[in-house]
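A look at the structure
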Amino acid sequence: AKQETQLVAASGQMSYSYEASQKWIVWGEVVNDTEKMHVLNRSTNEIKIVETEYFFDVQLHGDDIIYLAMKPIDGSKSETNYIKYNLLTEQSMKIREHESTSNSKASIFDGNYMAVSEQVEMDNGKETRIAIQDLQQAKDIRNYILPYDIVQKITLLDKKLYAYVWDSNEKVPGEISV
């Protein structure tokens, strides 16, 4: 069988926020000096543009895109939320407010659960909060506070959470499993 290649974005115009599945390809592309989320339906070759501000951490699960959207407010501040967008109905829903910075992209298991990390400023320095969220109900089902300021490569598999952890004051990183 001959493989077919299709160019979806010109070189230099595509961002690093992209994701692909058997049915969809999602990517960011600059249009009139603003990055826009593009979606290619691989069955019909139709391309849609999803209206959003800045976006990161794009993930596809079935016909849903889950991404981190940042909307500037008042010049120096921004509102950052995880959004779930259904490609068939074109309905979007805010599923989580993201209140601070993170060193890891969210991990989604089975399209039903999401693990996100956020750095929190504590009296003794920075720590990381990890929340496990039920995506259908848009609510947390577990929360963890880790005494590390860097938590990366979060992976949620079955009923286990894995992460690469590191306190910037330590010389050797570690790994956790809960």
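Just so it is clear, the structure is predicted and the values come from calculations on it, not from any experiment. (Residues numbered from 1 in each chain as written. Predicted model: local features only at pLDDT ≥ 70, side-chain atom pairs only at ≥ 80, totals over all residues. Heavy atoms only, no water.)

Another aspect to go through is the nonpolar core. In summary, soluble globular proteins display a tendency toward joint burial of nonpolar side chains. Formed by 14 residues in total, the largest nonpolar core has its most connected members in Val-26, Met-37, Val-39, Ile-65, Tyr-67 and Leu-87. Elements represented by at least two residues in this core include exactly strand S2 (24-31), strand S3 (34-41), strand S5 (54-61), strand S6 (64-73) and strand S7 (77-86). (Core = buried A, V, L, I, M, F, W, Y, C linked by side-chain atoms within 4.5 Å. Buried < 20%, exposed > 50% of the residue type's maximum accessible area, 1.4 Å probe, protein only. Helix = DSSP H or I, 4+ residues; strand = E, 2+ residues; numbered from the N terminus.)

Bringing the confidence of the model for the protein into the picture now. For the protein, per-residue confidence averages 80 on the pLDDT scale, and residues scoring 70 or more make up 82% of the total. Strand S15 (residues 174-177) is the least confidently modelled element of the protein, averaging 58 in pLDDT, while strand S4 (residues 47-50) averages 92, the highest of any element. (pLDDT = per-residue confidence, 0-100.)

Sheet architecture is open: four strands sit in the order S5-S6-S7-S8, paired in antiparallel fashion. With partners counted over all chains shown, the strands left at the sheet margins are S5 and strand S8 (92-97), one partner each. The sheet shows a mean angle of 30° between the axes of neighbouring strands, direction not considered. Across six bridges, the pairing between S5 and S6 is antiparallel. Residue pairing across strands places Phe-55 opposite Ala-69, the latter belonging to S6. (Pairing = 2+ DSSP bridges. Axes fitted to C-alpha atoms, helices over the stretch in contact; angles between N-to-C directions.)

This part covers the layout of surface pockets. Roughly 260 Å³ of volume is contained in the largest pocket. Considering the residues around the largest pocket, the lining is formed by 12 residues, among which Ile-132, Ile-141, Leu-156, Asp-158 and Lys-159 are closest to the centre. Going through the elements one at a time, strand S12 (139-146) and strand S14 (160-166) are the ones with two or more residues in the lining of the largest pocket. (1 Å grid on protein atoms, 1.4 Å probe; cavity = no way out; pocket = protein on both sides within 12 Å on 5 of 7 lines; lining within 4 Å. Points joined across faces, edges and corners; volume = space filled by probe spheres on them.)

Across the sheet, four strands lie side by side as S9-S10-S11-S12; this open sheet has antiparallel pairing. Looking at strand neighbours, the two that pair on one side only are strand S9 (107-109) and S12, the edges of this open sheet. Neighbour-to-neighbour, the strand axes of the sheet open up by a mean angle of 25°, direction not taken into account. The pairing of strand S10 (residues 113-122) with strand S11 (residues 125-134) spans 10 bridges and is antiparallel. Residue pairing across strands places Val-120 opposite Glu-127, the latter belonging to S11.

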